[in-house]
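Below, each chain spelled out in residue letters.
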Amino acid sequence: MPRTVVTGGAGFLGSHLCEALLAQGHEVIALDDLSTGAIENIHHIRDERFLFIKQDVTNFLYIEGPVDYVLHFASPASPIDYLERPIPTLKVGSLGTHKALGLALTKRARFLLASTSEVYGDPLVHPQTEEYWGNVNPIGPRGVYDEAKRFAEAITMAYHRFHGLETRIVRIFNTYGPRMRLNDGRVVPNFIKQALLGEPLTVFGDGSQTRSFCYVSDLIDGILKLLFSDLTEPCNIGNPAEMTIQQFAEAIIKFSSTKSDIVYRPLPEDDPKQRKPDITRARQRLHWEPKVKLEDGIASTMEYFRTKVKP
Ligand code: UDP
């Protein structure tokens, strides 16, 4: 039975990943300091092959026994979270990645890094291919996340080249689904919460900026395909169905049959103007592409948030 460590295992993506790995026959050890993750996301997992350890992964990681895979998913991941926690965000991407790589090296485990479309910054190439080096403001408010993840990619490739460690890098584009935090400030929980409460949807800027939203089950499927592939170069995983934030707000209003209208708020600094993954590499090398339609993904996400929203 493969033994797998997931850092950030109590987070939105980490918890879904733990479940998917258990379903594939792995023993899973989830590490999380619960700063943005929540026990609630994993407390339903009743399986003797699952172990949770509360730990800040920027500290030395000691795991007894063999480990076959280390998946590094610990990090604040929403713009509000990393604005509120700039230094922990930098530390988990840099020191945390170093510790997770060190664990993988000691155990000769395969390492997978959760990287991000934010490495492309406010992209000047559209859609974004993995060859694009990005357009990131290192000293802007998002720099703490973007640069930490860029460092994380660099140190991952260094461990691969220098130590011969088996590594994988997934660049995750906007993902949504159950277990996102209601108040993490991202557009999906914000709009759904507002729609469920009949409040106006807050579009930042004029709503012409674009994003491409991937449902969590599609993303997890892509990540596992990457993990078990031989692809060492970074790989975009996301849904290429691009839409403006204005169109997204209109879609949420339609799917929720709310009477909410739209209000406009200032655009946050360095907010990327467009984002859409080029998934040619994932299609060709992993035979992966997203399947869940926005309407269906939003319906199950809304069902989850209905249990969280208190009018
Ligand atoms: N956004 C918005 N209203 C909100 C929250 C976010 O219009 O209440 C916009 C935000 O400015 C960005 C997009 O939605 O252009 C996606 O934001 P999110 O925080 O979800 O993630 P990002 O892709 O920027 O990391």
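Since the model is a prediction, treat every value here as computed from it, not as a measurement.

## Points about the sheet that holds strand β5 (residues 110-116)
Within a sheet, each strand pairs with its neighbour through backbone hydrogen bonds, oriented either parallel or antiparallel. A sheet is described by the order of its strands in space; here 7 strands give the open sequence β3-β2-β1-β4-β5-β6-β11, paired in parallel fashion. Strands with a single pairing partner mark the edges of an open sheet, and in this sheet they are β3 (50-54) and β11 (235-237). Each strand of the sheet is rotated relative to its neighbour by a mean of 20°, with strand direction disregarded. Of the strand pairs in this sheet, strand β6 (residues 167-172) and β11 are connected by 3 bridges, and their pairing is parallel. Looking across to β11, one finds that I172 is bridged to I237. Of the strands in this sheet, β1 (3-7), β4 (69-72) and β5 are in contact with helix α3 (residues 86-107), which crosses β4 at around 175°.

## A look at the pattern of salt bridges
Taken as a whole, this structure holds 19 salt bridges when the rule is applied. For R150, the salt bridge goes to E147, with nearest N and O atoms at 3.6 Å. Taken together, the positions of R150 and E147, both in helix α4 (residues 143-163) and 3 residues apart, correspond to about one turn of that helix. Through salt bridges with shared partners, one network takes in E118, R142, R211, D271 and R275.

## Some points on empty space enclosed by the protein
Scanning all chains against the criterion turns up 1 cavity of 30 Å³ or more. Each pocket or cavity is described by its volume, and for the largest cavity that value is around 30 Å³. Residue lining of the largest cavity: A74, S75, T89, V92, G93, Y145, A148 and K149, and that is the complete set. Elements represented by at least two residues in the lining of the largest cavity include exactly α3 and α4. Its residues placed into classes, the lining of the largest cavity shows 4 nonpolar, 3 polar and 1 charged.

## A closer look at helix α7 (residues 245-256)
Its 12 residues place the ends of α7 16 Å apart at the C-alpha level, agreeing with the 16 Å of an ideal helix rising 1.5 Å per residue. Those residues of α7 not exposed but buried are I245, Q246, F248, A249, A251, I252, I253 and S256. Where α7 is buried, its residues touch α5 (187-197), β8 (201-204), β9 (210-212), β12 (242-244), β13 (262-265) and α9 (294-306). The first or second residue beyond α7 is S257, which carries a positive phi of 50°.

## Focus: the layout of surface pockets
Unoccupied space between atoms shows up once a probe the size of one water molecule is rolled over them. Within this model, the second largest pocket holds a volume of roughly 260 Å³. Along the wall of the second largest pocket there are 15 residues; nearest its centre are W133, E153, A154, R171 and P234. Those elements giving two or more residues to the lining of the second largest pocket turn out to be α4 and β6. Counting residues per element, the lining of the second largest pocket draws most heavily on α4, at 5 residues. Considering only residue class, the lining of the second largest pocket consists of 8 nonpolar, no polar and 7 charged.

## Some details on the nonpolar core
In terms of nonpolar packing, the biggest core is built from 59 residues, with L17, L71, F73 and I252 touching the most fellow members. For F73, the residues in contact, after removing those within four places along its chain, are T7, G8, L13, L17, L112, A114, I172 and I223. Counting residues in hydrophobic clusters, the runner-up holds 23 residues, among them L101, A109, L113 and M157.

## Describing the side chain of H26
Along the chain, the position of H26 falls in the loop between α1 (12-23) and β2 (27-32). Within the local environment of H26, its side chain forms a polar contact with the side chain of T4, the two groups lying 2.7 Å apart. With near-sequence residues (within four places) excluded, H26 lies in contact with M1, P2, T4, L21, R49, Y69 and F228.

## Focus on the site of the ligand
In the region of the ligand, 18 residues are neighbours, and T202, F204, R211, D271 and R275 sit closest. A distance of 2.8 Å is found between an oxygen atom of the ligand and a backbone nitrogen or oxygen belonging to V187. R275 is positioned such that a nitrogen or oxygen atom in its side chain is 2.7 Å from an oxygen atom of the ligand. Relative to its unbound accessible surface of 520 Å², the ligand loses 96% to contact with the protein. Breaking the shell around the ligand down by element, the ones donating at least two residues are α5 and β8. For the shell around the ligand, a count of residues per class yields 7 nonpolar, 5 polar and 6 charged.

## Concerning the state of the cysteines
This structure, assessed with the given rule, holds 0 disulfides. With no disulfide of its own, C214 has C235 as its nearest cysteine by sulfur position, at a separation of 12 Å. For C214, a relative accessible area of 0% gives the class buried.

## Considering α9
Given a rise of 1.5 Å per residue, 13 residues ought to cover 18 Å, and the 18 Å separating the end C-alpha atoms of α9 matches this to within 8%. Buried within α9 we find G297, I298, T301, M302, Y304 and F305. Looking down the long axis of α9, one finds its buried residues gathered within 155° of arc, a one-sided arrangement. Exposed and oriented more than 90 degrees from the buried face of α9 are E295, E303 and R306. Close packing links the buried residues of α9 with β7 (175-176), α5, β10 (214-215) and α7.

Basis of the calculations
- Residues numbered from 1 in each chain as written.
- Predicted model: local features only at pLDDT ≥ 70, side-chain atom pairs only at ≥ 80, totals over all residues.
- Heavy atoms only, no water.
- Pairing = 2+ DSSP bridges.
- Helix = DSSP H or I, 4+ residues; strand = E, 2+ residues; numbered from the N terminus.
- Axes fitted to C-alpha atoms, helices over the stretch in contact; angles between N-to-C directions.
- Contact = heavy atoms within 4.5 Å.
- Salt bridge = Lys/Arg side-chain N within 4 Å of Asp/Glu carboxyl O.
- 1 Å grid on protein atoms, 1.4 Å probe; cavity = no way out; pocket = protein on both sides within 12 Å on 5 of 7 lines; lining within 4 Å.
- Points joined across faces, edges and corners; volume = space filled by probe spheres on them.
- Nonpolar A, V, L, I, M, F, W, Y, C, P; charged D, E, K, R; others polar.
- Expected span 1.5 Å × (residues − 1).
- Buried < 20%, exposed > 50% of the residue type's maximum accessible area, 1.4 Å probe, protein only.
- Core = buried A, V, L, I, M, F, W, Y, C linked by side-chain atoms within 4.5 Å.
- Polar contact = N/O pair within 3.5 Å; in protein donor to acceptor, adjacent residues only side chain to side chain.
- Near = heavy atom within 4 Å.
- Areas by Shrake-Rupley, 256 points an atom, 1.4 Å probe, with all protein chains shown as cover.
- Disulfide = S-S within 2.5 Å.
- Arc of directions from axis to C-beta.

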